[in-house]
Amino acid sequence: MSEQTIRIIIAGPRGKMGKEAIKMVTSTEHFSLQAVVDTKNAGKKLSDLEDQPNLDIPVYDDMVACVSEVEADVLIDLTKPDSGKKHLQIALEYGLRPVIGTTGFTDQEIADYSRTAEEKEIGAVIAPNFAIGAILMMKFSQMAAKYMPDIEIIEQHHDQKLDAPSGTAMKTAHMIKEVRSNKRQGHPDETEDLQGARGGEYDGIRIHSVRLPGRVAHQEVLLGTTGQTLSIKHDTIDRSAFMPGVKMAVETVMKLDTLVYGLENLME
Ligand SMILES: NC(=O)C1=CN([C@@H]2O[C@H](COP(=O)(O)OP(=O)(O)OC[C@H]3O[C@@H](n4cnc5c(N)ncnc54)[C@H](OP(=O)(O)O)[C@@H]3O)[C@@H](O)[C@H]2O)C=CC1
Ligand SMILES: O=C(O)C1=N[C@H](C(=O)O)C[C@H](O)C1
């Protein structure tokens, strides 16, 4: 193993994203997949799992056991909200650099984990979206929000998604909050005659979550002002779109000693 090789554990190998991440990691020369963490299949090998490469990689069902027994530099987590949070905490405690793609984190949780990473001087990345087009969509929305502060976000995902709104929608609203002052949108006397009709609210921004079979991951940011609207839209049509971002996050987290929230903060 060369000195620059990055040793990786992946949590969630049977998932839609986990499968893509295994393909990416095992086909990257300077990455070495050391183990996977799966709620099922403990004690088996990766090669025993359906649709996986024929590799003699151990499968653990417990993150603490995995990080105690396996030497690794980076944990890639692509699981579900409660597991992602638990795994992030364990990674920080055991000195692994977490790259968290799992969504469902609140602002407060991100602030708490940032503090832990800073205290321990460990690099960490929480990236609600690894796709370059989605990062640009968020950045363009932030840029436009300065001039058009009335904004509604409509995100659409497959119907197996657990968290709503999406991590991307929350991150977009977070980025917009940085450049505009809190604004109550719509008519001051508006009512919701059907609960939820106006969507969720984050700092005055309305967020609407659609869940349908057949969708992958889509977001449209609508900005309106007198006589005009601007629509900024991104569509993910294949999960391979996320992998260059995952690769970049793994490489960059090795050079960090704090937690970075959002891939845009790792880009030139
Ligand atoms: N940042 C980004 O760019 C992207 C982020 N995501 C996020 O990534 C996460 C995964 O998405 P996706 O792959 O579509 O979801 P899937 O449901 O397809 O996969 C999640 C996998 O994680 C497994 N899992 C759940 N808990 C644990 C645990 N404690 N330890 C190990 N494995 C566990 C699940 O197993 P089981 O089915 O047995 O519960 C399942 O196999 C979601 O939070 C999603 O929002 C998705 C796409 C892009
Ligand atoms: O669950 C998904 O699929 C996705 N989750 C992320 C999110 O919540 O924003 C990223 C992408 O939208 C796909």
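Residues numbered from 1 in each chain as written. Chains lettered and ligands numbered in written order. Predicted model: local features only at pLDDT ≥ 70, side-chain atom pairs only at ≥ 80, totals over all residues. Heavy atoms only, no water.

1. Points about the site of ligand 1
The following threshold applies: Here a residue is considered near a molecule or strand provided that any single heavy atom belonging to it is located within 4 Å of it. We call two N or O atoms a polar contact when they sit within 3.5 Å, provided that within protein one can donate a hydrogen and the other can accept it, with sequence-adjacent residues counted only if both atoms are side-chain atoms. Surface exposure here means Shrake-Rupley accessible area, sampled with a 1.4 Å probe, where a residue is shielded only by the protein chains that are shown. Think of it this way: any DSSP run of H or I at least four residues long counts as a helix, any run of E at least two long counts as a strand, and we number them from the N terminus. Residue classes follow a fixed rule: Ala, Val, Leu, Ile, Met, Phe, Trp, Tyr, Cys and Pro count as nonpolar, while Asp, Glu, Lys and Arg count as charged, and any other residue, Gly among them, counts as polar.
Taken together, the neighbourhood of ligand 1 is formed by 24 residues, with Met-17, Thr-103, Ala-127, Phe-130 and Lys-161 sitting nearest. Gly-15 is positioned with one of its backbone polar atoms (N or O) 3.4 Å from an oxygen atom of ligand 1. A distance of 2.6 Å separates an oxygen atom of ligand 1 from a polar side-chain atom of Thr-103. Burial of ligand 1 by the surrounding chains reaches 82%, relative to a free accessible area of 920 Å². Looking at the shell around ligand 1, the elements that each hand over two or more residues are helix H1 (16–26) and helix H3 (81–94). A per-class count over the shell around ligand 1 returns 7 nonpolar, 10 polar and 7 charged.

2. Here we look at the nonpolar core
Quick reminder of the rule: Among buried residues, the Ala, Val, Leu, Ile, Met, Phe, Trp, Tyr and Cys ones that are joined through side-chain atoms within 4.5 Å form a nonpolar core. Only protein chains enter the accessibility calculation, which uses a 1.4 Å probe; a residue is then buried when its area is under 20% of its type maximum, exposed when over 50%, and partly exposed in between. Here, two residues are considered to be in contact whenever any of their heavy atoms come within 4.5 Å of each other.
One finds Ile-8, Ile-10, Ile-76 and Val-250 to be the most contacted residues of the largest nonpolar core, which totals 52 residues. With 6 residues, the single largest contributor to this core is helix H5 (residues 132–145). Apart from the residues lying within four places of it in its own chain, the contact partners of Val-250 are Ile-6, Ile-8, Phe-31, Val-74, Ile-76 and Val-99. Counting 14 residues, the second largest nonpolar core, distinct from the first, contains Ala-35, Val-37, Val-70 and Ile-90.

3. Side note on unusual backbone geometry
Cis geometry marks the peptide bond from Ala-164 to Pro-165, where omega comes out at -5°. We note that Asp-51 has phi near 60°; this positive angle belongs to a residue other than glycine. Counting through the fold element by element, Asp-51 comes out in the loop between strand E2 (31–37) and strand E3 (59–60). Here Asp-51 falls in the exposed class, since its relative accessible area comes to 62%. Non-glycine residue Glu-121 carries a positive phi angle of around 55°. Tracing the sequence through the fold places Glu-121 in the loop between helix H4 (107–120) and strand E6 (124–126). Take Glu-121: its relative accessible area is 58%, and that puts it in the exposed class.

4. A look at the confidence of the model for the chain
What counts here: You can read pLDDT as the predictor saying how much it trusts each residue, on a scale of 0 to 100.
Residues with a pLDDT of 70 or more make up 99% of the chain, whose mean pLDDT is 96. If you check the scores for this complex, the pTM reads 0.97 and the ipTM reads 0.99.

5. A look at the packing of H5 against helix H6 (residues 167–177)
A pair of packed helices can be characterised by two numbers: the angle between their axes and the separation between those axes. Threshold: Lines are fitted to the C-alpha atoms to define the axes, a helix being fitted only along its stretch in contact, and any angle between axes, read from their N-to-C directions, falls within 0 to 180 degrees. For a crossing to be left-handed, the near helix must be turned anticlockwise from the far one by less than a right angle; the clockwise case is right-handed.
It is at 9 Å that the axes of H5 and H6 come closest, and there the two elements cross at 35°. In this structure, H5 crosses over H6, and the sense of that crossing is right-handed. Contacts from Met-137, Met-138, Lys-139, Ser-141, Gln-142 and Ala-145 of H5 reach H6 at Thr-168, Lys-171, Thr-172, Met-175 and Ile-176. Partitioned by chemical class, the residues of the contact of H5 with H6 number 5 nonpolar, 4 polar and 2 charged.

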